[in-house]
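Observations on the three-dimensional arrangement
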Amino acid sequence: MNYKIKIQYLLVAILLIGISFLLALNFWWKIDLNSGQFFIIGFSTMICWLGIGYLSILISGIIVFKNIEKFGFVSPFTLVFNGYFYKKFGIETAKKFKSTFSLIAFPTLFILIFAFYKIVNFVEYTDLTYYGIEKSVKIEDISYYKGNKRAKINFEFNNEKISKNLFLKDTLKNVGDFETIIFSSRNPNIVELKSEFEENSK
């Protein structure tokens, strides 16, 4: 029975973390102009954190109790909100469990964020290297973000209109000037300035 509970925790954790990664990857390259997409990225982070919660409960339960059957299959919400562990196992055991949980959960979150960052960079590099299309586009607008100059550009590909904000290294560029971009034919929302992509690929 013990192994069945472990499998339950693992399956739920893997499912939630997997869904969060797929959601974030699907909308990652659309967040610079659309606050709704940014909300989805935040939502996917919450799903990932929930998955980490199940994984951390499993590992903490094995470390603290040795036998996961002592408390069975519980959600992270049970751990946080209703004092389940305090009532069932006493304050000292509950504190030990929560401390172990935190020591596992937070480093796991940082590791997964780092892994996601690496996956994003890999996907961008692969797509632009093997499926990249160069295009000259006009700068439609100039904005500033944390002191850096950004150019708003628009282009069409396969009847889809793409809008992006790209950071400009050439600060002499103005509205109406042209820039050469490279975008992916598989996912045209993956866009970089050609000069920046070439520099980063060296």
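Residues numbered from 1 in each chain as written. Predicted model: local features only at pLDDT ≥ 70, side-chain atom pairs only at ≥ 80, totals over all residues. Heavy atoms only, no water.

You can see Ser60 is positioned in helix 2 (residues 35–65). For Ser60, a relative accessible area of 0% translates into the label buried. Reaching out from Ser60, the side chain makes a polar contact with the backbone oxygen of Ser56 at a distance of 2.7 Å. From its side chain, Ser60 meets the backbone nitrogen of Phe101 in a polar contact 3.3 Å long. Contact partners of Ser60, with chain neighbours within four places excluded, come to Phe65, Phe97, Thr100, Phe101 and Ile104. (Helix = DSSP H or I, 4+ residues; strand = E, 2+ residues; numbered from the N terminus. Buried < 20%, exposed > 50% of the residue type's maximum accessible area, 1.4 Å probe, protein only. Polar contact = N/O pair within 3.5 Å; in protein donor to acceptor, adjacent residues only side chain to side chain. Contact = heavy atoms within 4.5 Å.)

Next up on the list: the environment of Asn174. Tracing the backbone shows Asn174 in the loop between strand 3 (160–167) and strand 4 (178–184). Sequence separation of Asn174 and Pro107 is 67 residues, and the distance between their C-alpha atoms is 44 Å. Not counting chain neighbours up to four residues away, the residues in contact with Asn174 comprise Ile139, Ile142 and Lys149.

All chains considered together, the criterion is met by three salt bridges. Among the salt bridges present, the one from Arg186 reaches Asp127, with a minimum N-O distance of 2.6 Å. A residue pair is termed long-range when its members are at least 10 positions apart, and Arg186 in the loop between strand 4 and strand 5 (191–193) and Asp127 in helix 5 (residues 91–130) qualify at 59 residues. Since its relative accessible area comes to 3%, Asp127 is described here as buried. (Salt bridge = Lys/Arg side-chain N within 4 Å of Asp/Glu carboxyl O.)

Of all seven residues in strand 4, five are buried, a share of seventy percent or more. Across seven bridges, the pairing between strand 1 (residues 132–145) and strand 4 is antiparallel. Across the sheet, the residue bridging to Gly132 is Ser184, located in strand 4. As paired strands, strand 4 and strand 5 are joined by three bridges and run antiparallel to one another. Bridging from a neighbouring strand, Ile182 pairs with Glu192 of strand 5. The antiparallel hairpin formed by strand 4 and strand 5 contains six residues in its connecting segment. (Pairing = 2+ DSSP bridges.)

Just geometry here; none of it tells us what the structure is for.
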